[in-house]
Amino acid sequence: MVRINENYKKLQSSYLFVEIARKISEFRKNNPDREIIKMGIGDVTNPLPQACLKAFHEGVDELGSTKTFKGYGPEKGYDFLREAIAKHDFASRGTEITADDIFVSDGAKCDTGNFQELFSPDCIVAVPDPVYPVYVDTNVMAGRSGKARGGRYGGFVYLEGNSANHFVPAPEKELKADLIYLCYPNNPTGATATRKQLKAWVNWAIAHKALILFDAAYEAFIQDPDIPHSIFEIPGADKVAVEFRSFSKTAGFTGTRCAFTVIPPACQIKDKEGKEHSLKELWNRRHSTKFNGVSYPVQKAAAAVYSREGQAQVKDLIKGYMNNASIILREMEEAGYECTGGKNSPYIWVNTGKDSWESFDQILKEAGVVITPGSGFGLCGQGFIRISAFNSPENVEKAMRRMKKVLKKPC
Ligand code: MLT
């Protein structure tokens, strides 16, 4: 008799953004004439940069001719893209990442979710709280957690983020974990980690023979020149970290789908007999077995990000979203709310002091604005909301005017 994976029964609720989409569609059904401004899920609103669009078209045209047609591509991604990534994203920052260390994929969500497959089911997982729910849910599905109780899963180590640590938890001396997920600039709080803070994590991972799964999907939003863009800017990280990157937010690829994972050759993981295995080779085995590569036109479009025009256009795109972020931050702070993020990240994390889902419902019903409830990211997110800067400046201004009126009222 076929039976389900029992671990799925432990999952606490539906995926956060699915639940939000359900609430929006219910609201739309009941209020067909109300205008909704979406600042919930971090989904980009501006079109693809012209350089990417042009390359995308060219890629499609190449598929239309026998001479230039392409079938299956390399599972790891085409050399032209991986070489461009290595040169522009890593060599330019003095890190020793080569094209061979890069695996192109269809999303950082899939990569961060799938990567845990490489590790033993009894590995102890540490996650910050609040946290991007994909890291947690995929480890629950894989059986690394106990049952959920009081909003948390047994067996996981939760690293509390709060105003006191500015949502950048530090490795405590007594912390015991094998896999640790870090995300900077952070989703959901928008917090960033300094070089010193990342160094502390790398040193902890080296001392504890742990692995850091570093999600850098929002690195392109960093404005402050002192903040590292990659964990590999920290000495020793190549032995204890993997990095996930994405074109989704950087270049508007949320619908187009293209991302990559970086695994340096120095990253070696032991089996139960103590024999070392190359993590890069393990991921290569998994990736080439379960994935057939991102489509050629999409990879061409992604490579165009690194052209001269592409770089200028992406810079403009990010400037526009960061301008929105500064409007949100200014308005929320002026309204008297304590905020994190918004300076090096497209997310603004606002302490409303009210139940997060009640705030969500109230803001949707009364202001017609969608935000993300902080408690959807973990217990430490209760009382917060996350506002995304992905929209037009006009909509952002309008949303802020409407939200400021509503937030002051009781739910
Ligand atoms: C978010 O809003 O947290 C992100 O858009 C989700 C994602 O990238 O999957």
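Residues numbered from 1 in each chain as written. Predicted model: local features only at pLDDT ≥ 70, side-chain atom pairs only at ≥ 80, totals over all residues. Heavy atoms only, no water.

**Here's the deal with the pattern of salt bridges**
- Counted according to the given criterion, the structure contains 26 salt bridges.
- We note a salt bridge from Arg22 to Glu19, for which the minimum N-O separation is 2.9 Å. Taken as a pair, Arg22 and Glu19 lie in helix H1 (residues 16-30) at a separation of 3 residues, close to a single helical turn.
- The shortest N-O distance in the salt bridge between Asp79 and Arg82 comes to 2.7 Å. With Asp79 and Arg82 both in helix H3 (residues 79-90), this residue pair falls 3 residues apart, about one helical turn.
- Given a relative accessible area of 8%, Arg82 falls into the buried group.
- By sharing partners, the salt bridges in this structure join Lys54, Glu58, Glu62, Lys70 and Lys300 into a single network. (Salt bridge = Lys/Arg side-chain N within 4 Å of Asp/Glu carboxyl O. Helix = DSSP H or I, 4+ residues; strand = E, 2+ residues; numbered from the N terminus. Buried < 20%, exposed > 50% of the residue type's maximum accessible area, 1.4 Å probe, protein only.)

**Some words on the environment of Tyr135**
- Assignment of secondary structure puts Tyr135 in helix H5 (residues 133-141).
- As a C-alpha pair, Tyr135 and Asn114 span 21 residues in sequence and 9.3 Å in three-dimensional space.
- Those residues in contact with Tyr135 that lie beyond four places of it in its chain are Thr112, Val127, Tyr181, Cys183 and Asp215. (Contact = heavy atoms within 4.5 Å.)

**Some words on the sheet that holds strand E13 (residues 338-341)**
- Taking strand neighbours across the sheet as the criterion, the 4 strands line up as E13-E14-E17-E16 in an open arrangement whose pairing is antiparallel. The outermost strands of the open sheet, each flanked by one partner alone, are E13 and strand E16 (372-373).
- Bridging between strand E14 (residues 347-351) and strand E17 (residues 384-388) involves 5 bridges; their strand directions are antiparallel. Bridged to Tyr347 within E17 is Ser388. (Pairing = 2+ DSSP bridges.)

**Details of the site of the ligand**
- All residues adjacent to the ligand are Phe17, Ile41, Gly42, Lys109, Tyr132, Asn187, Tyr218, Lys249, Tyr347 and Arg386.
- Contact distances for the ligand include 3.5 Å between an oxygen atom and a side-chain N or O atom of Tyr347.
- Here the ligand has 270 Å² of accessible area as a free molecule, and 86% of this is covered by the chains.
- The residue inventory of the shell around the ligand, partitioned by class, reads 5 nonpolar, 2 polar and 3 charged. (Near = heavy atom within 4 Å. Polar contact = N/O pair within 3.5 Å; in protein donor to acceptor, adjacent residues only side chain to side chain. Areas by Shrake-Rupley, 256 points an atom, 1.4 Å probe, with all protein chains shown as cover. Nonpolar A, V, L, I, M, F, W, Y, C, P; charged D, E, K, R; others polar.)

**Looking at the sheet that holds strand E7 (residues 179-183)**
- Sheet architecture is open: 7 strands sit in the order E2-E10-E9-E8-E7-E3-E6, paired in mixed fashion. Because the sheet does not close on itself, it has two edges, and the strands there are strand E2 (102-105) and strand E6 (157-160). With strand direction ignored, the average angle separating the axes of adjacent strands in the sheet is 20 degrees.
- Relative to E6, strand E3 (residues 125-129) runs parallel, the two sharing 4 bridges. The residue of E6 that forms the bridge with Ala126 is Val157.
- Relative to E2, helix H9 (residues 279-290) is tilted by about 25 degrees, and along the sheet it contacts E2, strand E8 (211-215), strand E9 (241-246) and strand E10 (259-262). (Axes fitted to C-alpha atoms, helices over the stretch in contact; angles between N-to-C directions.)

**A few points about the packing of aromatic side chains**
- If you walk through the whole model with that rule in mind, you get 27 aromatic pairs.
- Ring centres of Tyr218 and Phe221 lie 6.4 Å apart, and the angle between their planes is 45 degrees; on these two criteria the pair is classed as tilted.
- Residue class for Phe221 comes out buried when judged on its relative accessible area of 0%.
- Sitting over the face of the ring of Phe103, Lys76 holds its NZ or CZ atom 4.5 Å from the ring centroid.
- Seen from the ring of Tyr347, Arg386 lies directly overhead, with NZ or CZ sitting 3.8 Å from the centre. (Phe/Tyr/Trp six-rings, centres within 6.5 Å; stacked < 30°, edge-to-face > 60°. Lys NZ or Arg CZ within 6 Å of the ring centre and 35° of its normal.)

**Considering the state of the cysteines**
- Taken as a whole, this structure holds 0 disulfides when the rule is applied.
- Summary of cysteine pairing: Cys123 is not part of a disulfide, and the nearest cysteine sulfur, belonging to Cys267, is at 13 Å.
- Looking at Cys123, the relative accessible area reads 16%, which means it is buried.
- Not part of a disulfide, Cys183 finds its nearest cysteine sulfur in Cys110, a span of 15 Å.
- A relative accessible area of 2% places Cys183 in the buried class. (Disulfide = S-S within 2.5 Å.)

**Things to note about the side chain of Ser230**
- Tracing the backbone shows Ser230 in the loop between E8 and helix H7 (237-240).
- By relative accessible area, Ser230 is classed as buried at 1%.
- A polar contact is formed between the side chain of Ser230 and the backbone nitrogen of Phe232, at a distance of 3.0 Å.
- When sequence neighbours within four positions are dropped, the list of residues in contact with Ser230 reads Phe90, Phe214, Glu243 and Arg245.

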